[in-house]
2 protein chains.
Amino acid sequence: MPLDRDAAHYLFGVMRLKQGAEVLLFNGADGEWRATVAEAGKRGGTLEPQRRTRPQTMPPDLWLMFAPVKKARTDFIVEKAVEMGVRRLLPVATEFTNSERIRQDRLQSHAREAAEQCGATFVPEVADLAKLPDVLSAWPEDRRLMFCDEAQAGGDGPAARPFAEAGGPGPWAVLIGPEGGFSDRERARLHAMEAAHVASLGPRILRADTAAVAAITLWQLRFGDWT
Amino acid sequence: MPLDRDAAHYLFGVMRLKQGAEVLLFNGADGEWRATVAEAGKRGGTLEPQRRTRPQTMPPDLWLMFAPVKKARTDFIVEKAVEMGVRRLLPVATEFTNSERIRQDRLQSHAREAAEQCGATFVPEVADLAKLPDVLSAWPEDRRLMFCDEAQAGGDGPAARPFAEAGGPGPWAVLIGPEGGFSDRERARLHAMEAAHVASLGPRILRADTAAVAAITLWQLRFGDWT
C-alpha cells in the first residue's frame, strides 16, 4: 500500500518508524489491519498489510448537528461524538451561534485522530458549516430529529413530540443548540417539524459539549448499539 | 456582607466593579441572591444582598469517583460533574492511575467556577485523593455504587448485578476507572461488593471524561432529577 507525503512524514519523520515496524491501519471499510513498513522514505513509502486484527464496525445511523462554539470546545464535541458513535457530523449556524466560520479540514483531522485514539474503524464525515434553516428545509423524509430545548415552554405553536415517546429504530439526528439556546423562530420551526422530537437534559444548564455527550447517551441507550 | 481579600481583588481589581454595581451571590444553602456593592476597597469591601433571585436547589445524592487523568481532562471531569449534578467528587488512585497527586485546592476552585458558569447554587466538595481500596474498605453501608467495566467478562469470581436491574432511589456513587481500566484485582473486589452494580457504556472505548458524562447521564435518567 503506497503512502502519500503527509502519511510518510508522520510515520517516518515524526514517529521515526523504520522498515519492518508494525502499524495498525483502517480505511473505514475493511476493519483494522496490522501492517509492516515495507519501504520508508521522506516523501513516500509502502505498508504491507499482514492480517486483519478487528472487523469493520459501523456506528448507528446517527448524525450529530451542533452549533460551533469556541475552538477547544468544538474540538471536544467532535472528539466526543466520534467516541460515542455517530455516522456524520454537521456543524450548523443558528441565530445565536457565535462562530461564523469553522475549519472543516481541521475538524475532519480531529475526527480521524479521535477515531485512532478510541480504536474505532470508522471516521465520521464532518460536513461544511450550513445554516440551520437550509438544513431543515432539505430535511430527509425518513430521518428523525432529536433536539434538546432548554426553554421547554413551547409558546403558542405546536409542540414537538417527546423523545421518550418516539418509537422504532431508523435514521436519526441529534441537534445541540448554541450556548445561548435557540431563537423563538428556530424553536417554533423545530417544534412544527413532523420529524422532530424534543428531549430534556435535566434541570441544569449544560455547556454545548456536555449536552452533546448527554444527548448521544440518551439516544444510544434508546435506539443505538449500547446494549 | 464583608468580603475577604481574594473576593475583593476579583470583584474590584479584576472585574473593576464600583460601588452600586450588581452581582449574583450564592453560598450553597440560601439560593441565589442579587446584591449590590456597598463598599469597594483594595483589600476588602461589603456587599448588600437585595433579593433572592433563585431558590436553593441541591443535586441528587450522587458521588462521582474518578481516577485523575491529565490536568486538562481532570478539569473537564470536575466541570462536567458539576454541570450534570453531583453532590461530591472523590478522586481515587487505582492501580493503573497515572497521576499520583492532585491539586485539591485547584480542583475545588474549578468546581466553584463551573457552578458559577452553569447557574448552579451548589458547589460539590472535592475530596482529597484517596486510594481506591481504602475508599472501598470504608464504603458506607447504604450507598450503592455504579461502575463501568469495559472488560465485562468477569473471570471466575462473583459478578456484580447489572445497573439496569438496580431498584429504588437512595444514595449512590458512580465510579469511572482510569484510561487503562481496572486491574484484575480491583475488578474482582468491585464485583464482589454487595453495593456494586455494573453498567455498560457501549461497545466503544471512551475516554475518562466522556465516560463520566455518559455514566452520570445513565444514572440521572434512572434515579436522578432528569424527568
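Going by the annotation in an unreviewed UniProt entry, the name recorded for chain A is Ribosomal RNA small subunit methyltransferase E, with Roseivivax marinus given as the source organism. Per UniProt, chain A has the following entry under Subcellular location (unreviewed entry): "Cytoplasm".

Novice: Give a detailed account of the sheet that holds strand S1 (residues 2-3) of chain A, specifying residues and quantitative values.
Specialist: All names here are of chain A. Taking strand neighbours across the sheet as the criterion, the four strands line up as S1-S4-S3-S2 in an open arrangement whose pairing is antiparallel. Lying at the two open borders of the sheet, with one neighbouring strand each, are S1 and strand S2 (22-26). Pairing geometry for S2 and strand S3 (residues 32-40), over five bridges, is antiparallel. Bridge pairing in S3 links Leu25 to Trp33.

Novice: Which residues make up helix H1 (residues 5-14) of chain B, and what values do they have?
Specialist: All names here are of chain B. Along H1, the positions that sit buried rather than exposed are Ala8, Leu11 and Phe12. The arc that holds the buried residues of H1, viewed along the axis, is 80°, so those residues lie on one side. Where H1 is buried, its residues touch strand S1 (2-3), strand S2 (22-26), strand S3 (32-40) and strand S4 (45-54). If you check the start of H1, you find a side-chain oxygen 3.3 Å away from the backbone N of Asp6, and it comes from Asp4.

Novice: Summarise the domain arrangement of chain A; cite the residues concerned and give the values.
Specialist: All names here are of chain A. Each assigned domain of chain A is listed here: domain 1 (2-54) and domain 2 (62-223). One C-alpha centre belongs to domain 1, the other to domain 2; they are set 34 Å apart. Between domain 1 and domain 2, a total of about 440 Å² is buried, with carbon and sulfur atoms accounting for 68% of that surface. Three residues stand out in domain 1 for area buried against domain 2, namely Phe26, Gly28 and Arg54, and they jointly supply 85% of the buried area on that side. Taken together, the links from domain 1 to domain 2 amount to zero salt bridges. One can count two residue pairs in polar contact (both at pLDDT 80 or more) joining domain 1 with domain 2.

Novice: Explain the relation of the copies chain A and chain B to me, and be specific about the residues and the numbers.
Specialist: Overlaying chain A with chain B gives an RMSD of 0.1 Å, the required rotation being 180° about an axis along which the chain moves by 0.0 Å. What the superposition gives is, in effect, a two-fold axis relating one chain to the other. In terms of proximity to the rotation axis, the leading residue of chain A is Ala214(A), whose C-alpha is 3.0 Å off the axis. By residue overlap, the copies meet face to face through one surface: 100% of the interface positions of chain A are interface positions in chain B.

Novice: How would you sum up the pattern of salt bridges? Please name residues and give values.
Specialist: Where side chains of opposite charge bring their charged atoms close, a pairing between them can arise. All chains considered together, the criterion is met by 38 salt bridges over all chains. Across the pair Arg103(A) and Asp105(A) runs a salt bridge whose closest N-O atoms are separated by 3.1 Å. Look at Arg103(A) and you get partly exposed, because its relative accessible area is 49%. Relative accessible area serves as the criterion here: at 43%, Asp105(A) is assigned to the partly exposed category. Between Asp61(B) and Arg143(B) there is a salt bridge, and its shortest N-O distance comes to 3.0 Å.

Novice: Give me the interface of chain A and chain B: which residues, what numbers.
Specialist: Each partner contributes to the interface: chain A provides 31 residues, whereas chain B provides 31 residues. A per-residue breakdown of the area chain A buries against chain B is headed by Glu83(A), Arg204(A) and Trp226(A), which together make up 25% of the total. Where chain A meets chain B, there are ten salt bridges. Measuring nitrogen to oxygen at the nearest pair gives 3.1 Å for the salt bridge that ties Asp209(A) to Lys80(B). Inspection of the chain A/chain B interface yields 20 residue pairs in polar contact (both at pLDDT 80 or more). Listed by contribution, the elements that provide at least two residues to the side of chain A that touches chain B are helix H2 (71-84) and helix H6 (208-223) of chain A. Tallying contributions element by element places H6(A) first for the side of chain A that touches chain B, with eight residues. When its residues are assigned to classes, the side of chain A that touches chain B shows 15 nonpolar, eight polar and eight charged.

Cut-offs and rules
- Residues numbered from 1 in each chain as written.
- Chains lettered and ligands numbered in written order.
- Predicted model: local features only at pLDDT ≥ 70, side-chain atom pairs only at ≥ 80, totals over all residues.
- Heavy atoms only, no water.
- UniProt positions renumbered as here; feature names shortened; annotations may be inferred.
- Pairing = 2+ DSSP bridges.
- Helix = DSSP H or I, 4+ residues; strand = E, 2+ residues; numbered from the N terminus.
- Buried < 20%, exposed > 50% of the residue type's maximum accessible area, 1.4 Å probe, protein only.
- Arc of directions from axis to C-beta.
- Contact = heavy atoms within 4.5 Å.
- Polar contact = N/O pair within 3.5 Å; in protein donor to acceptor, adjacent residues only side chain to side chain.
- Domains from an automatic or database assignment.
- Buried area = accessible area lost by both parts, 1.4 Å probe.
- Salt bridge = Lys/Arg side-chain N within 4 Å of Asp/Glu carboxyl O.
- Least-squares fit on C-alpha atoms with pLDDT ≥ 70 in both.
- Nonpolar A, V, L, I, M, F, W, Y, C, P; charged D, E, K, R; others polar.

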